[in-house]
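The primary structure of each chain is shown beneath.
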Amino acid sequence: MESPLLRVADYQHVVFFTGAGVSAESGVPTYRGRGGIWKHYDYERYASQPAFERNPEEVWRFHNVRRERVAKCLPNAAHRCIAACEAHAEHVSVITQNIDGLHQRAGSNVVHELHGSLWRSRCDDCGYTATEFDAPLRDVRCPHCPAYKRPDIVWFGDALDPAVFEIATQALIRCDLLVSIGTSALVYPAAELPMLARRHGARLVEINPEPTPMSPQFDTCLRTTASAGLDRLLGAFDPS
Ligand code: NAD
Ligand code: ZN
C-alpha cells in the first residue's frame, strides 16, 4: 500500500472545502456532472424566491422530495475521514456548499454551510427559525404568523449569509492546508474561496474525478472520488 501523501497532524489549521461530490458516494445526486439533478428539473421552478412567492406549496413538495431522499442516505467514508481528522489537527473546519447535513451526521463539529441547510426553515415575515429533521416536513406554515416557512437554503438569485461568509473567510485566511473535494468550482462566490487560502500561504489539494476551472491553481490534484482521494492523501481510516 502506498503511504499517504501528507499527515494532517503536520498542519495547524485544516479546512475541508466541500461540494456535492463529497456526498455522491452516499447516493445524494450532484447538481452538475454525471447524474446531476438540474438536468432533470427546471430549477427556477423550484429553487428561487420568485418560485416560492408564486407557489410555496409546490416549492415545498420539491424540497420534501429532497428531504426524503437525503434522509435515506448515510455519511460515507469521506465524511467520516474528515470528522476523524479533528482528533489529529488542532483546528479543523468544514466549509461546505452542501445542504444535506451529512458532515454533521458523520461527527464534524465545525461546519460552515455556505448555502444553508435542507433541515432548517425560516419565516421572512416574522423572523421565526426552526431546525426539523422530519422527512417530509408536513407543517410548512409559520407557527407564529400567516406566512409560509421557507427552506433556509441559498437559492438561485439569493445572496450568501454575510455572517457565514465572514466566519468562513476567517477560517480560510488562517488555514495552512485546504482540501477541496467534489466541487465543480462554477458557483460564485464559493468557487473562488480556496484562492483566499492560497493567497495566505496555504497548501491546496483538489480531489475530484474531473478537472475544474480552478484546478491549475492547486498544488496537488487527485483525479478520483472523495473517499479514494482522502485515502490516498491522508490514509482515510488512519488520518494521524
Ligand atoms: P456540482 O454538482 O456543481 O459539482 C459536483 C462536482 O463533484 C463535480 O465537479 C463532479 O466532478 C464531482 N464529483 C462527482 N462525483 C464525485 C465523487 N464521487 N467524489 C468527488 N467528486 C465527485 O456541485 P457543487 O460544486 O457543490 O455545486 C454547487 C451547488 O450544488 C451548491 O449550491 C450546493 O448547494 C448544491 N448541491 C448540494 C448537494 C448536497 O447538499 N449534497 C447536492 C447537489 C447540489
Ligand atoms: Zn412567521
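Anything mentioned here points back to the structure above.
Below or above, wherever it landed, is the structure these notes cover. The shown structure was predicted, so the numbers you read here are calculated from the model rather than taken from an experiment. (Residues numbered from 1 in each chain as written. Chains lettered and ligands numbered in written order. Predicted model: local features only at pLDDT ≥ 70, side-chain atom pairs only at ≥ 80, totals over all residues. Heavy atoms only, no water.)

1. A few points about the coordination of the zinc ion (ligand 2)
And then number 1: Distances from the zinc ion (ligand 2) to its protein donors, Cys123 (SG), Cys126 (SG), Cys142 (SG) and Cys145 (SG), fall within 2.3 to 2.4 Å.
And then number 2: Here the donor residues for the zinc ion (ligand 2) map to a single chain with the spacing C-x2-C-x15-C-x2-C. With Cys126 in the loop between strand 4 (116-122) and strand 5 (129-131) and Cys142 in the loop between strand 5 and strand 6 (150-153), this residue pair connects regions lying 16 residues apart in the sequence.
And then number 3: The exposure class of Cys126 is partly exposed, given its relative accessible area of 40%. (Donors = N, O, S within 2.8 Å, 3.2 Å for Na, K, Ca; no water. Helix = DSSP H or I, 4+ residues; strand = E, 2+ residues; numbered from the N terminus. Buried < 20%, exposed > 50% of the residue type's maximum accessible area, 1.4 Å probe, protein only.)

2. Let's talk about the site of ligand 1
And then number 1: Taken together, 25 residues surround ligand 1, and among them Tyr31, Gln97, Asp100, His115 and Ser184 come closest.
And then number 2: Between ligand 1 and His115 there is a distance of 2.7 Å, counted from an oxygen atom to a side-chain nitrogen or oxygen.
And then number 3: At 2.7 Å, a side-chain N or O of Asn208 approaches an oxygen atom of ligand 1.
And then number 4: Isolated, ligand 1 exposes 850 Å² of accessible area, and the fraction of that covered by the protein chains is 93%.
And then number 5: Within the shell around ligand 1, the residues separate by chemical class into 9 nonpolar, 12 polar and 4 charged. (Near = heavy atom within 4 Å. Polar contact = N/O pair within 3.5 Å; in protein donor to acceptor, adjacent residues only side chain to side chain. Areas by Shrake-Rupley, 256 points an atom, 1.4 Å probe, with all protein chains shown as cover. Nonpolar A, V, L, I, M, F, W, Y, C, P; charged D, E, K, R; others polar.)

3. Structural notes on the packing of aromatic side chains
And then number 1: Summed over all chains, the structure comprises 3 aromatic pairs.
And then number 2: Centroid distance Tyr46 to Phe62: 4.7 Å. Interplanar angle 25 degrees. Geometry classified as stacked. Separated by 16 residues along the polypeptide, Tyr46 in helix 1 (residues 43-46) and Phe62 in helix 3 (residues 56-71) bring together distant segments of the chain.
And then number 3: For Tyr46, a relative accessible area of 14% gives the class buried.
And then number 4: Across the ring face of Tyr148, the terminal group of Arg141 is positioned such that the distance to the ring centre comes to 4.0 Å.
And then number 5: The lysine or arginine in question, Arg150, covers the ring of Trp155, its NZ or CZ lying 3.9 Å from the ring centre. (Phe/Tyr/Trp six-rings, centres within 6.5 Å; stacked < 30°, edge-to-face > 60°. Lys NZ or Arg CZ within 6 Å of the ring centre and 35° of its normal.)

4. Considerations on helix 3
And then number 1: Taking 1.5 Å of rise per residue, 16 residues should cover 22 Å, and helix 3 covers 22 Å from first to last C-alpha, within 8% of that figure.
And then number 2: The complete set of buried residues in helix 3 reads Pro56, Glu58, Val59, Trp60, Phe62, His63, Asn64, Arg66, Arg67 and Val70.
And then number 3: Of the surrounding secondary structure, the elements contacted by the buried residues of helix 3 are helix 1, helix 2 (49-54), helix 5 (102-106), strand 4 and strand 6. (Expected span 1.5 Å × (residues − 1). Contact = heavy atoms within 4.5 Å.)

5. Describing the environment of His144
And then number 1: Summarising the element assignment, His144 is placed in the loop between strand 5 and strand 6.
And then number 2: On the basis of relative accessibility, which here comes to 60%, the residue His144 falls in the exposed class.
And then number 3: Distance from His144 to Asp219, taken between C-alpha atoms, is 51 Å for residues 75 residues apart in sequence.
And then number 4: His144 has contacts with Cys126 and Tyr128, leaving out every residue within four places of it along the chain.

6. Brief notes about helix 8 (residues 226-234)
And then number 1: Those residues of helix 8 lying buried are Ala226, Ser227, Gly229, Leu230, Leu233 and Leu234. The buried residues of helix 8 all sit within an arc of 160 degrees when viewed along its axis, so they share a single face.
And then number 2: Buried residues along helix 8 sit against strand 1 (13-18), helix 4 (77-84), strand 7 (177-181), strand 8 (203-207) and strand 9 (220-222). (Arc of directions from axis to C-beta.)

7. A closer look at the packing of helix 4 against helix 8
And then number 1: For the pair helix 4 and helix 8, interaxial distance at closest approach is 8 Å and the crossing angle is 35 degrees. On helix 8, the residues touching Ala77, Ala78, Cys81 and Ile82 of helix 4 are Ala226, Ser227, Leu230 and Leu234.
And then number 2: Its residues assigned to classes, the contact of helix 4 with helix 8 comprises 7 nonpolar, 1 polar and no charged. (Axes fitted to C-alpha atoms, helices over the stretch in contact; angles between N-to-C directions.)

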